[in-house]
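# Per-entry structural report
In case you want the letters, here they are:
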Amino acid sequence: MAFWCQRDSYAREFTTTVVSCCPAELQTEGSNGKKEVLSGFQVVLEDTVLFPEGGGQPDDRGTINDISVLRVTRRGEQADHFTQTPLDPGSQVLVRVDWERRFDHMQQHSGQHLITAVADHLFKLKTTSWELGRFRSAIELDTPSMTAEQVAAIEQSVNEKIRDRLPVNVRELSLDDPEVEQVSGRGLPDDHAGPIRVVNIEGVDSNMCCGTHVSNLSDLQVIKILGTEKGKKNRTNLIFLSGNRVLKWMERSHGTEKALTALLKCGAEDHVEAVKKLQNSTKILQKETLLFLTVGDEKGGGLFLLAGPPASVETLGPRVAEVLEGKGAGKKGRFQGKATKMSRRMEAQALLQDYISTQSAKE
């Protein structure tokens, strides 16, 4: 069965009838990260505008008569809607979809179809699976690696097709239709029932799919490929954003850029160089930080301690003892001893500062 959400992915609300309502439980992840079990009801409708999870696409959220639907799952030819309030079988209800979530899923799913087709056409890279994530999506390609040139070529091609405003249409074929054999896909679920949906991007791709899609590539707005990551079984994950997610990503990036400009006191084009200099300075400080402690009368003798990087302390310890006209010994980054002329502490301190300045210049 094809649900109303699949026949019209742009429908935001729909009036239908409650078929059944049974007590049920839903396992969720609470705010503290622990699993929680919610008590509620599994509601079955004659038809639904809420997409049940499937085909790599998460389920919709929405309401039934303003009652929140927390999960939608497919069971054969029907969709189960989990609510925490019962609904009367036989009653008419108004179902509304969380449109922002739905349209986001449409953009990512149609974007995946487009990238998959282009990657195959340009480089014979086959898609083995994909994941529509909360913040970004990933397409698993059957290749151990990809070049930067391949990634750039795929991104350029998909965005050209978006600008060409290519239509996207959905057809339903019966299982015994000979055309089914010519359509790409990764197989049907074991409990599949009813017609087969075929999503066609004009002149680009034709694929079996149960998800919700845009009707024209122009609704994708733009696709940004963020890069690749090593996948499982010697495969590569292509990470991408589509549509509104690209705008949100740019907004976050711009906010970060503005914050860095204020902190680093330079333009965005100089951020990398400024951070490199800060990192270099930090490394130098970590290498050359010296602790120099003294105890004693300014006009007489006393004790001193020098601690820091072992190599530096090994070099400087005897020299400090010499300046203070004393003696001492040390190991593992510590040198301590007795001094007879604590009045020369400032000379010892100047010796240490000169050493650090010389080492910093060398770095």
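These figures come from a predicted structure and were not determined experimentally. Per chain, residue numbering runs from 1 following the sequence as it is written. Where totals are concerned, whole chains, interfaces and linings use all residues; where local detail is concerned, this predicted model gives features only for residues with pLDDT of at least 70, and gives and counts side-chain atom pairs only at 80 or more. The side-chain figures draw on all heavy atoms in the structure; neither hydrogens nor water molecules are used.

## Considerations on the overall build of the protein
Looking only at helices and strands, the protein features 7 helices and 18 strands. For a compact globule the rule gives 2.2 Å times the number of residues to the power 0.38, and the radius of gyration it is set against comes from C-alpha atoms. Relative to a compact globule of 363 residues, whose C-alpha radius of gyration would be 21 Å, the protein shows 33 Å and is clearly more extended. Its C-alpha atoms give the protein principal-axis dimensions of roughly 100 × 50 × 40 Å. Only protein chains enter the calculation, and the probe is 1.4 Å; a residue is then buried if its accessible area is under 20% of its type maximum, exposed if over 50%, and partly exposed in between. Here the protein holds 363 residues, and the buried ones make up 42% of them. Contacts are assigned to residue pairs with any non-hydrogen atoms lying within 4.5 Å of each other. At a minimum sequence separation of 6, the contacts of the protein that also span at least 24 residues come to 62%. Where the 46 positive side-chain charges of the protein centre and where its 50 negative ones centre are 11 Å apart. For helices the rule is a DSSP run of H or I covering at least 4 residues; for strands it is a run of E covering at least 2, with both sets numbered from the N terminus onward. When charges are counted, Lys and Arg are positive and Asp and Glu negative, with His and the chain ends excluded. Where a charge sits is defined by one atom per residue type, namely NZ (Lys), CZ (Arg), CG (Asp) or CD (Glu).

## Some remarks on the sheet that holds strand β12 (residues 205–208)
In space, the 3 strands of this open sheet follow the order β10-β11-β12, with antiparallel pairing throughout. Edge positions in the open sheet fall to β10 (168–173) and β12, since each of these has one partner strand only. Strand-to-strand twist across the sheet, computed as the mean angle between neighbouring axes with direction ignored, equals 20 degrees. Pairing analysis gives 6 bridges linking β10 to strand β11 (residues 196–201), with the strands arranged antiparallel. Bridge pairing links R171 to V198 in β11. We call two strands paired when DSSP finds no fewer than two bridges between them. Angles here are taken between N-to-C directions and fall from 0 to 180 degrees, while the axes themselves are lines fitted to C-alpha atoms, restricted in helices to the stretch in contact.

## Comments concerning unusual backbone geometry
Of note, N65 is a non-glycine position whose phi angle comes to about 50 degrees, a positive value. Structurally, N65 can be placed in the loop between β3 (62–64) and β4 (67–69). The backbone of D66 shows a phi angle near 70 degrees, a positive value even though the residue is not glycine. Owing to a relative accessible area of 60%, D66 belongs among the exposed residues under this scheme.

## Comments concerning the packing of aromatic side chains
In this description, a pair of aromatic rings is defined by centroid distance and the angle of the planes. Stacked, tilted and edge-to-face are the three classes assigned to paired rings of Phe, Tyr and Trp, where Trp is represented by its six-membered ring and a pair needs centres within 6.5 Å; plane angles under 30 degrees give stacked, over 60 edge-to-face, the rest tilted. With the rule as written, the count across this model stands at 4 aromatic pairs. Plain terms: the ring middles of Y10 and W99 are 6.2 Å apart, the flat faces sit at 40 degrees to each other, and that makes the pair tilted. Note that Y10 is positioned in the loop between α1 (4–7) and β1 (13–29) and W99 in helix α2 (residues 99–123), a separation of 89 residues in sequence. Under the relative-accessibility criterion, Y10 is labelled partly exposed at 28%. Between the aromatic rings of F304 and F335, the centroid separation amounts to 6.1 Å while the plane-to-plane angle is 25 degrees, which identifies the pairing as stacked. Here F335 lies in strand β18 (residues 334–339) and F304 lies in strand β16 (residues 302–307), a separation of 31 residues in the sequence.

## Observations concerning the nonpolar core
The nonpolar side chains of a soluble globular protein tend to be buried, and buried together. Of all hydrophobic cores here, the largest spans 49 residues; its most connected members are L114, I115, I154, L217, I223 and L238. In terms of residues, this core owes the most to one element, α2, which gives 7 residues. When near neighbours in sequence (up to four residues on either side) are disregarded, I154 contacts I115, V118, A119, L122, F123, M146 and I225. Membership of the second largest hydrophobic core comes to 17 residues, among which are L290, F304, V323 and A339. To form a nonpolar core, buried Ala, Val, Leu, Ile, Met, Phe, Trp, Tyr and Cys residues must be joined to one another through side-chain atoms within 4.5 Å.

## Some thoughts on a negative patch on the surface
A cluster of acidic residues, E257, E269, D270 and E273, forms a negative patch on the protein surface. Tracing the backbone through its elements, the reader meets E257 in helix α4 (residues 244–264). Nonpolar side chains (Val, Leu, Ile, Met, Phe, Trp, Tyr) are joined into patches within 5 Å and like charges within 9 Å, using only residues with over 30% relative accessible area and no salt bridge. Where accessible areas are quoted, they stem from the Shrake-Rupley method and a 1.4 Å probe; at the residue level, only the protein chains shown are allowed to cover. Basic side-chain nitrogens of Lys or Arg form a salt bridge, by our definition, when they fall within 4 Å of a carboxyl oxygen of Asp or Glu.

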